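# A structural walkthrough
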Amino acid sequence: MPLLLGPFVRLRSGLVLTWICLFSSGFTFIGGEHADTVTHPLPAAFSDLLPHFLLEPDDVYIVKNKPVTLTCRSTPATQIYFKCNSEWVHQDQHLIERDVDPATGLPVMQVKIDISRQQVEKIFGLEDYWCQCVAWSTTGTQKSQKAYVRIAYLRKNFEEEPLGKEVALDQEVLLRCHPPEGVPPAEVEWQRNEELIDPKTDPNFFITVDHNLIIKQARLADTGNYTCVAKNIVARRKSSSATVIVYVDGGWSEWSKWSPCGADCTMWRSRECTQPTPSTSGKDCQGLDLQSLNCTSEQCPQTASGAEDVALYVGIVAVALCLTLLLIILVLVYRRKKEGLDADVADSSILTTGFQPMGIKPTKPGVWAPRRAARSKNSHLLTIQPDLTTTTTSYQGTLRSRHEITGKFSLSNGPLLEPLPNGSHTLHNGKLPSDPNDFMNRLSSQTYFKTLPRDNVNTSYGTFNFLGGRLTLPNTGISLLIPPEAIPRGKIYEIYLTIQKKEDMRLPLAGCQTLLSPVVSCGPPGVVLTRPVILTMDHCSDACLENWAIRLKKQSYEGTWEDVLQLGEEVVSEPYYCQLEAETCRVFTEQLGRFALVGESLSMAAAKRLKLLLFGPAYCSTLEYNIRIYCMDDTQDLLKEVMQMERQLGGRLIDEPHVLLFKDSYHNLRLSIHDMPQALWRSKLLTGYQEIPFYHIWSGSQQTLHCTFTLERQSLSTCDLTCTLCVWQVEGEGQSFTLDFNISKDIRPLDSDFLLMDNCTPALAGPSAFQIPYLIRQKICSSLDTTCPNGADWRLLAQRLKLDRHMSFFASKASPTSVILDLWETQHFHSGNLNQLAAVMAEIGKQEAMIFLVSDGEC
């Protein structure tokens, strides 16, 4: 069918519009500002041939902002046009070249178009951008293959970076690498000490299909810094270097022959640790390198002992017997004197019991008394009936001996207080299993509790009733306050508090989310509470809420984690509420369960607090001296874990802890060592610094991240070490440690025990768990709960205690004052000062403040 060419149509503007009608292409109109047609009829000899492509467009990538060119060549063809994403490209955008094939005489037509980044970005995310060309002849049309146009990129951060390790000689080594996301996908190569690794030339190396490097048998020459390199047409990225140290453990050579029998009737033999000699941090040989053996009488050059020796031995035995008898006599005399002294003390204590009047006077300012003594000595207030409506400064009541009160109120197995008909209270012990493991075994036998740790060190439990109590995990910053009346009257609950190990509880974290607190369980879940309890735990955020979206997560009975609260968006009608302080989070909850605090950074200014700890060996007898730097979330539970682990490793703290703000900037943490006396010490680190990848720190799931610097002294007599250790985030904040001490005679008081000073009782029940006596607390609540027109009520109490940010939460409770006092109890458990609270009450103008003004001996 012939090609039909339409006439030229002149528009009013003077422009010429050309149109072409093609018989089979479906292409009906091409418009433009041209005065000539673009069709070239074929000679009659070739009019029955379909066009075929000599060159079809290929897939291309746009690098940065540089446009790409697509080319199409066909013969014989009268027209060629590009179509991109099903739309025809305007003819003005086509660059057309015509030629003749010298071999066949057929006309050849070539067309090019340019594609810009802006054109691709217009449909970015909807579908892939593609183009194909369509060629016409008088016989028909042909379509080329589709060519896809993509924007090339390579992200900066590796999804997984290699980690350094120490391996034994001939051991297999696996270094993992997951390159950054990129288009086109990145190619991966490995370097050792900045030199390319080629498995073809060194078959001891093998690179897997998923880009991991395997060293089949580690050799001493394989010690070095390994780097994963990812590259595509856009960029080239290098991972953090992973230091691989191949060490050789020492081995004995054979024993030498026995020496001749010496003058002391002893012969010797020796062996050396040279098969092989230990190297690169390898262990020394275990066992003796020198062995002795008594000679037989025939071999011994000395003669047998004479009568003089026998007399000497008899004398020694006689002296030993005399000393033994004298020691027995001294022990008997000491015991009799001690029994007489105990009887005298017991008899004199009777004189201090009974009914005695007591005077109350204000505590002398500036006098501090231990908190635990204050709780036990104020406990007698629960057995008296003072007149709380007057301002008198004296009362009479029953006194118990101080020993009796302390013994009953400090029991860790859960003492209970029960009301008596006359309104006073008496103390009884709650029933708990004698073996702590029995309690945990009963819990873990149930489905929900199968993930509970069996570690009794990080678990507290007790029996509680309506008078409440407190559970504490010492040296972790974690506690659970059960306020009075939180447990319904008539109910008795066994309640536990424990820490879950992060490696056992993988929280589903996505994007910029990070774990900010320990994972804490309190339960059992499902118990009925009439008032919220307060769970206290540390967090490691910088507490700048404008940079964070912080959520409280709770694990459901089915095991899924749910968001139950977002800080700053609390709803007072919900069973959860949270107060975020500089380093502590206090969670009000009416439901027990498993909780964790998760943060999502809203900007790169969001930062976590890292605790930096330096440890060295408490005793060093070799030339090598290892310094370990821990970089962990700044929470007390992790500090306790590292301290306990280092104690088992024989390490000691060698400098004061430092705090570093680690920002969500995707930059790694670097560690380096400087300023060592080169003549005496050298570092075995082969590079200028070590790095911890950003994601290993930001996730918060790896608890004891650390780097080790191995130093070597030139001689065993060198004991003075001076150096500077630097820890910093790339393009961020840093800290430095300046060390100057003697590694063998270090007497600085930096033992790890000074950081673990919390020796509080894990479980306290009843009034012994609170600073404010129970009856006085009731009187304060009844006085301040009623709203006063002049504001002298619970609102002023919250304002004076700097808790007015939570006014709406307090107002939603039946007794706002009691919730305020609960929060005060959690904040001042270790350093509570009743006189401080009394001063606040005096400012409010309530007479109840006089109750706190007791003498030094009573506080």
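Here, residues in each chain are numbered from 1, in the same order as that chain's written sequence. Since the coordinates come from a predicted model, pLDDT governs what is reported: local features require at least 70, and pairs of side-chain atoms require 80 or more to be given and counted, while whole-chain, interface and lining totals use all residues. Water and hydrogen atoms play no part in the side-chain values, which are based on all heavy atoms of the structure.

### Brief notes about the overall build of the chain
Scanning the chain from N- to C-terminus turns up 12 helices and 54 strands. Between buried and exposed lies partly exposed: a residue is buried under 20% and exposed over 50% of the maximum accessible area for its type, with that area taken using a 1.4 Å probe on protein chains only. Relative to its 859 residues, the chain shows a buried fraction of 46%. What makes two residues a contact is simply this: any of their non-hydrogen atoms within 4.5 Å. Sequence separation of 24 or more characterises 68% of the internal contacts of the chain that already satisfy a separation of 6 or more. Where helices and strands are cited, they refer to DSSP runs of H or I of at least four residues and of E of at least two residues respectively, numbered from the N terminus.

### Digging into the pairing of strand 25 (residues 242–247)
In regular strands, side chains alternate between the two faces of the sheet. Judged by how many residues are buried, strand 25 sits mostly within the fold: 6 of 6 residues are covered. The alternating pattern of strand 25 places Ala242, Val244 and Val246 and Thr243, Ile245 and Tyr247 on opposite faces, both of which are buried. Sheet analysis places strand 16 (residues 165–168) next to strand 25, joined by 4 bridges and oriented parallel. Residue pairing in the sheet places Ala168 in a bridge with Tyr247 of strand 25. Inspection of the sheet shows strand 23 (residues 224–231) paired to strand 25 by 3 bridges, in the antiparallel sense. Within the sheet, the bridge partner assigned to Tyr226 lies in strand 25 and is Ala242. Two strands pair under a simple rule: DSSP has to find at least two bridges between them.

### Some words on the sheet that holds strand 53 (residues 734–742)
Spatially, 50-48-52-53 is the arrangement adopted by the 4 strands of the open sheet, whose pairing is antiparallel. The open sheet has two free edges, formed respectively by strand 50 (690–692) and strand 53, since each of these has just one partner strand. Put simply, the sheet's adjacent strands are angled 20° from each other on average, direction ignored. The pairing of strand 48 (residues 669–674) with strand 52 (residues 720–729) spans 6 bridges and is antiparallel. The residue of strand 52 that forms the bridge with Ile673 is Leu725. The axes used here are C-alpha line fits, helices contributing only the stretch in contact, and every angle between their N-to-C directions lies in the interval 0 to 180 degrees.

### As for the sheet that holds strand 33 (residues 469–473)
Overall, antiparallel pairing links the 6 strands, which are arranged 41-42-38-34-33-54 in an open sheet. Pairing within the sheet leaves two strands with one partner each, and these edge strands are strand 41 (576–580) and strand 54 (763–765). Direction aside, the axes of adjacent strands within the sheet are offset by 10° on average. Here strand 34 (residues 478–482) runs beside strand 38 (residues 533–538); their pairing, made up of 3 bridges, is antiparallel. Bridging across to strand 38, Leu481 finds its partner in Ile534. Packing of helix 11 (residues 816–827) onto the sheet brings it into contact with strand 33, strand 34, strand 38, strand 41 and strand 42 (584–589), and relative to strand 42 it is tilted by some 145°.

### Some points on the pairing of strand 32 (residues 459–464)
Burial of strand 32 is extensive: 6 of the 6 residues sit out of reach of the surface. Alternating residues of strand 32 divide into Thr459, Tyr461 and Thr463 and Ser460, Gly462 and Phe464, and every residue in both groups is buried. Of the strand pairs in this sheet, strand 32 and strand 35 (residues 493–500) are connected by 6 bridges, and their pairing is antiparallel. Counterpart to Thr463 in the pairing with strand 35 is Glu494.

### Describing the pattern of salt bridges
The salt bridge criterion pairs a side-chain nitrogen of Lys or Arg with a carboxyl oxygen of Asp or Glu, the two atoms within 4 Å. Taken as a whole and judged by the stated rule, the model has 27 salt bridges. We note a salt bridge from Arg531 to Asp822, for which the minimum N-O separation is 2.2 Å. You can see Arg531 sitting in the loop between strand 37 (519–523) and strand 38 and its partner Asp822 sitting in helix 11, a full 291 residues away along the chain. One salt bridge in this structure joins Asp563 and Lys553, with 2.7 Å as the shortest N-O distance. Of the two residues, Asp563 sits in strand 40 (residues 561–566) while Lys553 sits in strand 39 (residues 548–555), which places them 10 residues apart along the sequence. By relative accessible area, Asp563 is classed as partly exposed at 44%. Among the residues examined, Lys553 registers a relative accessible area of 7% and is labelled buried. The structure contains a network of salt bridges with shared partners spanning Arg192, Asp202, Arg219 and Asp222.

### A word on helix 6 (residues 636–649)
For helix 6, built from 14 residues, the straight-helix expectation of 20 Å at 1.5 Å per residue is met to within 8% by its first-to-last C-alpha distance of 20 Å. Taken residue by residue, helix 6 has Asp637, Leu638, Leu639, Lys640, Val642, Met643 and Glu646 as its buried positions. Residues of helix 6 that are buried make contact with strand 35, strand 44 (607–617), strand 45 (624–633) and strand 46 (651–653). Looking one or two places after helix 6, you find Gly650, whose phi comes out positive at around 80°. One less than the residue count of a helix, multiplied by 1.5 Å, gives the span that helix is expected to have.

### Details of the packing of aromatic side chains
In summary, the pairing rule links any two rings of Phe, Tyr or Trp, Trp by its six-membered ring, whose centres are within 6.5 Å, and it sorts them by plane angle into stacked for under 30 degrees, edge-to-face for over 60 and tilted for everything else. A full pass over the atoms with the stated rule returns 16 aromatic pairs. A centroid spacing of 6.3 Å and a plane angle of 65° characterise the contact between Tyr577 and Phe588, whose relative ring orientation is edge-to-face. On the criterion of sequence distance, the pair formed by Tyr577 in strand 41 and Phe588 in strand 42 is long-range, its members being 11 residues apart. Look at Tyr577 and you get buried, because its relative accessible area is 4%. Between Phe694 and Trp698, the aromatic rings sit 5.7 Å apart at their centres with planes inclined by 15°, giving stacked as the arrangement. With a gap of 4 residues between them, Phe694 and Trp698 both fall in helix 7 (residues 694–698), about one helical turn apart. Phe694 gets classed as buried once you look at its relative accessible area, which sits at 2%.

### Section: unusual backbone geometry
Most peptide bonds take the trans form, and the phi angle of most residues other than glycine is negative. Following Thr75, the chain continues into Pro76 via a peptide bond in cis, with omega recorded as -20°. By secondary structure assignment, the location of Pro76 is in the loop between strand 7 (68–75) and strand 8 (79–84). Pro184 follows Val183 through a cis peptide bond whose omega is -5°. You can see Pro184 is positioned in the loop between strand 18 (182–183) and strand 19 (187–192). Its identity is not glycine, yet Asp170 carries a phi of approximately 70°, on the positive side. On the basis of relative accessible area, Asp170 is assigned to the partly exposed category, the value being 48%. The phi torsion at Tyr666 lies on the positive side, around 65°, for a residue other than glycine.

### Some details on a nonpolar patch on the surface
Taken together, the side chains of Leu312, Tyr313 and Ile316 define a hydrophobic patch exposed on the protein surface, amounting to about 330 Å² of accessible area. Structurally, the position occupied by Leu312 is in helix 2 (residues 307–349). Each patch is assembled from residues with relative accessible area greater than 30% and no salt bridge, linking like charges that lie within 9 Å and nonpolar side chains (Val, Leu, Ile, Met, Phe, Trp, Tyr) that lie within 5 Å. Note on areas: Shrake-Rupley, 1.4 Å probe, and residue coverage restricted to the protein chains presented here.

### So, the side chain of Thr710
Positionally, Thr710 belongs in strand 51 (residues 706–713). Of note is the side chain of Thr710, whose polar atom sits 2.9 Å from the side chain of Asn626. In this view, Thr710 contacts Ser281, Glu624, Tyr625, Asn626, Arg682, Ser683 and Lys684; residues no more than four positions away in its chain are not counted. Polar contacts, as used here, are pairs of N or O atoms within 3.5 Å; protein pairs need one atom able to donate a hydrogen and one able to accept it. Residues neighboring in sequence count only if both atoms are side-chain atoms.

### Quick word on the packing of helix 8 (residues 774–784) against helix 11
Look at helix 8 against helix 11: their axes get within 8 Å of each other, and the N-to-C directions meet at 130°. Judged by the angle between their axes, helix 8 and helix 11 are oblique. Pair helix 8 / helix 11 crosses with right-handed handedness. In this structure, helix 8 uses Arg777, Ile780, Cys781 and Leu784 to contact helix 11, whose residues at the interface are Thr817, Ser818, Leu821 and Asp822. Residues are sorted three ways: Asp, Glu, Lys and Arg are charged, Ala, Val, Leu, Ile, Met, Phe, Trp, Tyr, Cys and Pro are nonpolar, and all the rest, Gly among them, are polar. Of the residues contributing to the contact of helix 8 with helix 11, the split by class is 4 nonpolar, 2 polar and 2 charged. Orientation categories follow fixed angle ranges, with anything under 35 degrees roughly parallel, anything over 145 roughly antiparallel, 65 to 115 roughly perpendicular, and all other angles oblique. It is the rotation of the near helix from the far one that decides the hand of a crossing: anticlockwise by less than a right angle makes it left-handed, clockwise makes it right-handed.

### Quick look at helix 12 (residues 834–844)
The set of residues buried in helix 12 consists of Leu834, Leu837, Ala838, Val840, Met841 and Ile844. Around the axis of helix 12, the buried residues are gathered within 160° of arc, so they sit on the same side. Taken together, the buried residues of helix 12 touch helix 8, helix 9 (794–800) and helix 11. One or two steps after helix 12, the chain reaches Gly845, where phi turns positive at roughly 100°. Relevant arc is that of directions from the helix axis to the C-beta atoms, nothing else.

### Some remarks on the confidence of the model for the chain
Low pLDDT means the predicted atomic positions in that stretch should not be read closely. The predictor reports its confidence for every residue as pLDDT, a score running from 0 up to 100. Mean pLDDT over the chain stands at 77; residues scoring 70 or higher make up 74%. Considering each helix and strand of the chain separately, the mean pLDDT is smallest for strand 29 (residues 394–399), with a value of 28, and largest for strand 38, with 96. Every residue in residues 1–39 is under pLDDT 50, and counting partners more than four places away or in other chains gives 69 contacts. Within the model, pLDDT remains below 50 along residues 340–434, and this stretch shows 151 contacts once partners closer than five positions in the same chain are excluded.

### What about the state of the cysteines?
The criterion for a disulfide is a pair of cysteine sulfur atoms lying within 2.5 Å. Throughout the structure, instances matching the rule amount to 5 disulfides. Note that Cys84 is cross-linked by a disulfide to Cys131, the S-S spacing being 2.0 Å. Across the disulfide from Cys84 to Cys131, rotation about the S-S bond amounts to roughly 110°, and the bridge is consequently right-handed. Here Cys84, found in strand 8, pairs with Cys131, found in strand 12 (residues 129–136); they are 47 residues apart in sequence, far enough to count as distant. Both residues of the pair, Cys84 and Cys131, count as buried. In this model, Cys273 is linked to Cys285 through a disulfide, with the two sulfur atoms separated by 1.9 Å. Looking down the S-S bond of the Cys273 and Cys285 bridge, the torsion is 80°, so its handedness is right-handed.

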